Amino acid sequence: MTYTFDFSFLAEYWPQLLKGLVQTAQLSLLSIIFGFLLGTLLAIGRTAQSKLLRRICAIYVEAIRNTPLLVQMFMIYFGLASVGFKLSAEFCAVLAIVINVSSYTCEIMRAGIESVRKGQREASDCLGLTWLQSLFLVVLPPATERVYPALVSQFILIMLATSLVSQISAEELTSTAARIDSMTFRSFEIYTVVALIYIGLAFVFRLGFWALSRLVFPRLRRLGTPL
Amino acid sequence: MSPIVKLNNVSKSFGSLHVLQGVSFDVAAGSVVAIIGRSGSGKSTALRCINGLEKINSGEITVCNHHLHHDVTRAQLRALHLDVGIVFQSYNLFPHLTVGQNIMLAPRWVRKQSKSEAHEHAAEVLRKVGLAEKFDAYPEQLSGGQQQRVAIARSLAMEPKLMLFDEVTSALDPELTGEVLKVMESLARDGMTMVLVTHEMAFAKGVADKIVFMHQGRVWEEGGGEMLSAPQTPELRQFVGNGL
Ligand SMILES: Nc1ncnc2c1ncn2[C@@H]1O[C@H](COP(=O)(O)OP(=O)(O)O)[C@@H](O)[C@H]1O
Ligand SMILES: [Mg+2]
């Protein structure tokens, strides 16, 4: 069994791979940002006083967490098209991933919110802060800081899961690789290169999230201890 | 002068557990009232009812001209909280904020003070509790006694008309207890109206103008410091016998 590796296609196709990399990074960042925002809103809903609101959020989260991302993507892309919404594959991709990641983020953020002891909320109430002020100034900051490592893991997973959007022919790294493959037939080499690019991107993301944590959590920056 | 706090026949239950059963007492402006009693006798609940953390089932509470009854609204509670400060046994400092930020949070967001105004004021109350140099420290870097003094300063920064203290020294060893009691004593000297739940009998006797002994959800006995030396009821006699 002999196989001769041939990476010569890179000379011609690296600009396309680079473009795919940028598209994957963009897709991931958009999904992470909006997924986090929606997930946090859901977590607030799941820990709210209103039983109805808690129920609705719980049903949404369970429905999303118990179906495959690929199926959700097909539902949105083909489903919306068949009822007359013609949306770009990239838009549908982001929408599907946001919906998906929001349910996981919700559960992580809920754990964070529940880790904030009742006395914290009582203290802020007694200082005269409004419900919204308490939420944003007293509850969410330590909640987020505590679950930040879990959030980052989730976000990296999402970055990797964006490769699935090649299935609805959205433009990104994996779909670019598939196209190059169909022209050069160097599958092994191409996907090896792409895997390395994903590793590099994951590393950059982790570095970015680390830097972000030092920026948004001043206590962590100064003391370095877990909250 | 009319009392700043007035409890009139207040009852409160958690499910079938009747924690307060017709509690009545007054707190005169500028006075210090100590609530004593066995664990589980309803002291904390009484205190928490005074600033609306627990809703009462029946009776009436008047606090700084705010009237609390069983269906008090959120807005009424917020107005009440602008006049009443509370300090908890477990400090409840915000762990992600520095000492200074903990103190400035409410003045900035609730009283809408400017940053420099809030800063100046925070430094002043921190000086009052003897922790001027801890402005930029985080709560986890402080001892329990220091954290509790910061919690007192945080309440003071809102300039309350009434301060409530719920066993604020119970989690502290004797040395740290002393430094917190000293701060409370100086507040009392400055004329702050205070209601405190405490197990420090000597402190209650020395500082309080009135002592309320609670037993089984009722005010069992009330009076001045001399009440502790000459209890009228067997329950109080037994309580001080164990406590002193
Ligand atoms: N939120 C609550 N739910 C149910 N029971 C409570 C609650 N808070 C207090 N209790 C009960 O009420 C009684 C009085 O409690 P508390 O006022 O804390 O007493 P004290 O402060 O005198 O020790 C206790 O039996 C306690 O278990
Ligand atoms: Mg208690």
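Source: prediction; values computed, not measured.

A. Highlighting the overall build of chain A. For chain A, the helix and strand inventory stands at 9 helices and 0 strands. Each principal axis of the C-alpha atoms in chain A carries an extent, and together these give about 70 × 50 × 30 Å. Buried residues in chain A amount to 46% of all 227 residues. Long-range pairs, those at least 24 residues apart, make up 75% of the contacts in chain A between residues at least 6 apart in sequence. In the structure as shown, chain A presents an accessible area of about 11,800 Å², 71% of it carried by carbon and sulfur atoms. Measuring between centres, the 19 positive side-chain charges of chain A sit 13 Å from its 13 negative side-chain charges.

B. Main features of a negative patch on the surface. Together, Glu117(B), Glu120(B), Glu124(B) and Glu159(B) make up a negatively charged patch on the protein surface. Counting through the fold element by element, Glu124(B) comes out in helix α4 (residues 115-128).

C. Local environment of the pairing of strand β9 (residues 210-215) of chain B. Residues and elements named next belong to chain B. Most of β9 sits out of view: 6 of its 6 residues are buried. Taking every second residue as pointing to the same face, both faces of β9 are buried, with Lys210, Val212 and Met214 on one and Ile211, Phe213 and His215 on the other. In the sheet, strand β3 (residues 32-37) pairs with β9 via 5 bridges, with the strands oriented parallel. From the neighbouring strand, Gly37 faces β9, where its bridge partner is Met214. Relative to strand β10 (residues 218-223), β9 runs antiparallel, the two sharing 5 bridges. Residue pairing for β10: Met214 is matched across the bridge by Val219. Linking β9 back to β10 in an antiparallel pair, the connection comprises 2 residues, with Gln216 at a positive phi of about 50 degrees.

D. Region of the structure containing the side chain of Glu107(A). Residue and element names in this part refer to chain A. Here Glu107 shows up in helix α4 (residues 89-115). The class of Glu107 is buried, set by a relative accessible area of 16%. Ignoring sequence-local partners within four residues, the contact set of Glu107 consists of Arg46, Val61 and Arg65.

E. Looking closely at a nonpolar patch on the surface. All names here are of chain A. A grouping of Leu29, Leu30, Ile33, Phe34 and Leu37 is seen on the molecular surface, where their side chains present a nonpolar patch of about 460 Å² in accessible area. Checked against the element boundaries, Leu37 lands in helix α1 (residues 9-46). According to the relative accessible area criterion, Leu37 is partly exposed, its value standing at 46%.

F. Inspection of the UniProt feature "domain: ABC transporter" (unreviewed entry) in chain B at higher detail. As annotated by UniProt and renumbered to match this structure, "domain: ABC transporter" (unreviewed entry) occupies residues 5-241 of chain B. End-to-end, the C-alpha atoms of residues 5-241 of chain B are 30 Å apart, and along that stretch the chain is 36% helix and 26% strand.

G. A look at the packing of aromatic side chains. Residue and element names in this part refer to chain A. Here the structure, examined in full by the defined rule, presents 12 aromatic pairs over all chains. Note on Tyr3 and Phe5: the rings are 5.3 Å apart at their centroids and 75 degrees apart in plane angle, and the pair reads as edge-to-face. Its relative accessible area of 45% is what places Tyr3 among the partly exposed residues. Consider the rings of Phe74 and Phe78, whose centres lie 5.5 Å apart with planes at 40 degrees: the pair is tilted. Taken together, the residues Phe74 and Phe78, both in helix α3 (residues 69-82) and 4 residues apart, mark about one turn of the helix. Accessibility expressed as a relative area gives 30% for Phe74, which makes it partly exposed.

H. Summary view of the layout of surface pockets. Put simply, the largest pocket is a space of about 910 Å³. Lining the largest pocket are 31 residues, and of these Gln49(A), Arg121(A), Asp125(A), Trp131(A) and Arg74(B) lie nearest its centre. Broken down by secondary-structure element, the contributors of at least two residues to the lining of the largest pocket are α1, α4, α5 (118-126) and α6 (131-161) of chain A together with α2 (74-81) of chain B. In terms of residues, the lining of the largest pocket owes the most to one element, α2(B), which gives 5 residues. Within the lining of the largest pocket, the residues separate by chemical class into 12 nonpolar, 7 polar and 12 charged. What lines the second largest pocket is a set of 25 residues, among which Phe36(A), Leu140(A), Thr144(A), Val216(A) and Phe217(A) lie closest to the centre. Listing elements by their share of the lining of the second largest pocket, those giving two or more residues are α1, α6 and α8 (187-216) of chain A. In terms of residue count, α6(A) provides more of the lining of the second largest pocket than any other element does, 9 residues in total. In terms of residue class, the lining of the second largest pocket is made up of 20 nonpolar, 4 polar and 1 charged.

I. Highlighting the interface of chain B and chain A. With 29 residues of chain B at the interface, the matching set in chain A holds 26 residues. Across the chain B to chain A interface the summed buried area is about 2,300 Å²; carbon plus sulfur atoms make up 60%. When the buried surface of chain B facing chain A is broken down by residue, Phe94(B), His96(B) and Tyr138(B) rank first, second and third, together holding 24% of it. A salt bridge links Arg48(B) to Glu122(A), with the shortest nitrogen-to-oxygen separation between them at 2.7 Å. Taken together, the connections running from chain B to chain A amount to 11 residue pairs in polar contact (both at pLDDT 80 or more). Of all the secondary-structure elements, those providing two or more residues to the side of chain B that touches chain A are α2, β6 (84-87) and α3 (99-109) of chain B. Tallied by class, residues from the side of chain B that touches chain A come to 15 nonpolar, 7 polar and 7 charged.

Calculation notes
- Residues numbered from 1 in each chain as written.
- Chains lettered and ligands numbered in written order.
- Predicted model: local features only at pLDDT ≥ 70, side-chain atom pairs only at ≥ 80, totals over all residues.
- Heavy atoms only, no water.
- Helix = DSSP H or I, 4+ residues; strand = E, 2+ residues; numbered from the N terminus.
- Buried < 20%, exposed > 50% of the residue type's maximum accessible area, 1.4 Å probe, protein only.
- Contact = heavy atoms within 4.5 Å.
- Areas by Shrake-Rupley, 256 points an atom, 1.4 Å probe, with all protein chains shown as cover.
- Lys, Arg positive; Asp, Glu negative; His and termini not counted.
- Charge placed at Lys NZ, Arg CZ, Asp CG, Glu CD.
- Patch = residues over 30% accessible without salt bridge, like charges linked within 9 Å, V, L, I, M, F, W, Y side chains within 5 Å.
- Salt bridge = Lys/Arg side-chain N within 4 Å of Asp/Glu carboxyl O.
- Pairing = 2+ DSSP bridges.
- UniProt positions renumbered as here; feature names shortened; annotations may be inferred.
- Phe/Tyr/Trp six-rings, centres within 6.5 Å; stacked < 30°, edge-to-face > 60°.
- 1 Å grid on protein atoms, 1.4 Å probe; cavity = no way out; pocket = protein on both sides within 12 Å on 5 of 7 lines; lining within 4 Å.
- Points joined across faces, edges and corners; volume = space filled by probe spheres on them.
- Nonpolar A, V, L, I, M, F, W, Y, C, P; charged D, E, K, R; others polar.
- Buried area = accessible area lost by both parts, 1.4 Å probe.
- Polar contact = N/O pair within 3.5 Å; in protein donor to acceptor, adjacent residues only side chain to side chain.

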